[in-house]
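Coordinates in review
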Amino acid sequence: MKWLVIVSLIIVFTILHATPSIALKTHVFAMGYPIAAITTGIIEDDFHNKVDKEKFAKINAKAYTLTKPPIEKATQGELRNYLVRKIGIWYFAEYLGEG
């Protein structure tokens, strides 16, 4: 039974981090914006990917932009740009900021 739980958790984790877009939506969901995670589109952030090309290549990452970003409650700012890194077989997203 214990092994079944562990294997199930590994499978769920792998599914939620299998592609850049799923990892990004999972991150936005975990940040507390489930509706935005479900409804937003994702496009590559050409500006950041060009400006930081060498830096992103070193860390195996790419920048993405949400088409319908969530609005941060405290500042009312749009949480639009994210960095998605590939580590092993999984992808992990983090907020990149506006700059």
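Remember, it's a predicted structure, so these values are computed and weren't measured experimentally. Think of each chain on its own: its residues are numbered from 1, step by step along the sequence as written. Confidence filtering applies because this is a predicted model: local features only for residues at pLDDT of at least 70, side-chain atom pairs given and counted only at 80 or more, and all residues used for totals across whole chains, interfaces and linings. Hydrogens are left out, water is left out, and the side-chain values use all remaining heavy atoms of the structure.

Attention now moves to the overall build of the protein. Segments assigned H or I by DSSP are reported as helices when at least four residues long, segments assigned E as strands when at least two residues long, and all are numbered from the N terminus. Looking only at helices and strands, one finds 5 helices and 4 strands in the protein. Listed by position from the N terminus, the elements making up the protein come as α-α-α-β-α-α-β-β-β. Considered along the principal axes of its C-alpha atoms, the protein spans approximately 50 × 35 × 20 Å. Within the protein, the proportion of its 99 residues that are buried is 28%. Here, two residues are considered to be in contact whenever any of their heavy atoms come within 4.5 Å of each other. Long-range contacts, defined here as pairs at least 24 residues apart, represent 44% of the contacts in the protein between residues at least 6 apart. The averaged location of the 9 negative side-chain charges in the protein is 8 Å from the averaged location of its 12 positive side-chain charges. Buried means the residue's accessible area, taken with a 1.4 Å probe over protein chains only, is under 20% of the maximum for its type, while exposed means over 50%, and partly exposed covers the values in between. Positive: Lys, Arg. Negative: Asp, Glu. His and the chain ends are not part of the count. All charge positions are set by atom: Lys at NZ, Arg at CZ, Asp at CG, Glu at CD.

As for its placement among the helices and strands, Thr 40 is situated in the loop between helix H3 (34-39) and strand S1 (42-44). Definition of a polar contact: a pair of N or O atoms within 3.5 Å, with one able to donate and the other able to accept a hydrogen when the atoms are protein atoms, and with sequence-neighbouring residues admitted only if both atoms are side-chain atoms. Of note is the side chain of Thr 40, whose polar atom sits 3.0 Å from the backbone nitrogen of Lys 68. Setting aside anything within four residues of it in sequence, one finds Thr 40 in contact with Lys 25, Leu 66, Thr 67, Lys 68 and Pro 69.

Moving on, we get to the environment of Gly 77. Take Gly 77: it is sitting in the loop between strand S2 (61-66) and strand S3 (81-87). Under the relative-accessibility criterion, Gly 77 is labelled partly exposed at 25%. Through-space distance from the C-alpha of Gly 77 to that of Asn 49 is 22 Å; in sequence the pair is 28 residues apart. Among all residues touching Gly 77, those that are not within four sequence positions of it are Pro 70, Ile 71 and Glu 72.

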